[in-house]
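One letter stands for each residue in the lines below.
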Amino acid sequence: MLSMDSGRTVIVTGGAGGLGAATVGAFVADGWRVVAPVRPGRSAALPKGAIAVEGDLDDPADVTAAAAVAGGESGAPLRAVVNLAGAFAAGGLVAETPIAEFERMLAVNLRPTYLVTAAALPHLVAAGGGGIVCVSSRAAVAPFPGAAGYVTAKAAVLGFAGAVAAEYKKAGVRCNTVLPSVIDTPANRAGMPDADFSRWVRPEQIAPVILFLASDASAPTTGAQIPVYGQA
């Protein structure tokens, strides 16, 4: 059975990643039209049912074009945005971290979230409102050494989401954030082979939370910061 959100579109960034694939699959299964911006040549990595729009999420023109595709179907207006695109990189302590590395974390974790949200907002407002979900990290509220750029970028995502929630509440647009701990993906397992994977949160556990926050089922909720830690 399709939900009450049938006939609606969501734009999902990072859809070819571990969490992205689970999230795209959850929306497709729930009857949404899913538009997924991907890097050139990555369309085949998306789950079945997603509409790929190739481009660079660092490029405002490409992002605007992707938002236009998402908002261009009259029978399925854009009603949700899911900002999953981002990356993690560890480094040294603050005094040992080159400014270029620090700024790179801001660029890959904050800039796409800002650009996609800004491009999608006029479509959401025109459609009568909707839900935006941003992905921060447990590290934003519980920092650890050696990742100042990542910690700062994910904390900035929280601030940005709060600003969007405050600015667009009266227009019917909600903005909430999920904060995962370590996500159980093949890449993370390869990078931390000695970790206890049973304590990590799985993508298929996070995706339903994102779907709920994007949907009309969470209509009273905006500005929330939702922990999704698993057993961590």
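Residues numbered from 1 in each chain as written. Predicted model: local features only at pLDDT ≥ 70, side-chain atom pairs only at ≥ 80, totals over all residues. Heavy atoms only, no water.

1. Focus on the pattern of salt bridges
- With the rule as written, the count across this model stands at four salt bridges.
- Put simply, Arg8 and Asp216 hold a salt bridge, and the shortest N to O gap is 2.4 Å. Here Arg8 is found in the segment before strand S1 (9-12), whereas its partner Asp216 is found in the loop between helix H7 (203-214) and strand S7 (225-228), with 208 residues between them in sequence.
- Ionic pairing is found between Asp184 and Arg189, a salt bridge with its closest N-O pair at 2.6 Å. (Salt bridge = Lys/Arg side-chain N within 4 Å of Asp/Glu carboxyl O. Helix = DSSP H or I, 4+ residues; strand = E, 2+ residues; numbered from the N terminus.)

2. Looking at the packing of helix H2 (residues 60-70) against helix H4 (residues 111-126)
- Direction vectors running N to C along H2 and H4 enclose 40 degrees, while the axes themselves pass 9 Å from each other. The pairing of H2 with H4 is recorded here as oblique in orientation. The two elements H2 and H4 cross, and the hand of that crossing is right-handed. Contact residues: Pro60, Val63, Thr64, Ala67 and Ala68 in H2; Arg111, Leu115, Val116, Ala119, Ala120 and His123 in H4.
- Within the contact of H2 with H4, the residues separate by chemical class into eight nonpolar, two polar and one charged. (Axes fitted to C-alpha atoms, helices over the stretch in contact; angles between N-to-C directions. Parallel < 35°, antiparallel > 145°, perpendicular 65-115°, else oblique. Left-handed = near helix turned anticlockwise from the far one by under 90°. Contact = heavy atoms within 4.5 Å. Nonpolar A, V, L, I, M, F, W, Y, C, P; charged D, E, K, R; others polar.)

3. Here we look at helix H1 (residues 18-29)
- Its twelve residues place the ends of H1 17 Å apart at the C-alpha level, agreeing with the 16 Å of an ideal helix rising 1.5 Å per residue.
- Looking only at H1, the buried set comprises Leu19, Gly20, Thr23, Val24, Ala26 and Phe27. All buried residues of H1 fall inside an arc of 160 degrees around its axis, so they share one side.
- Residues of H1 that are buried make contact with S1, strand S2 (33-38), strand S3 (50-54), strand S4 (78-83) and H7.
- Two residues or fewer after H1 comes Gly31, characterised by a positive phi angle close to 95 degrees. (Expected span 1.5 Å × (residues − 1). Buried < 20%, exposed > 50% of the residue type's maximum accessible area, 1.4 Å probe, protein only. Arc of directions from axis to C-beta.)

4. So, the environment of Val157
- Locating Val157 in the fold gives a position in helix H5 (residues 148-168).
- Residue classification places Val157 among the buried positions, given a relative accessible area of 0%.
- Spatially, the C-alpha atoms of Val157 and Tyr114 are 8.6 Å apart, while their sequence positions differ by 43 residues.
- Those residues in contact with Val157, other than ones at most four positions away along the chain, are Asn109, Leu110, Cys134, Val135 and Ser136.

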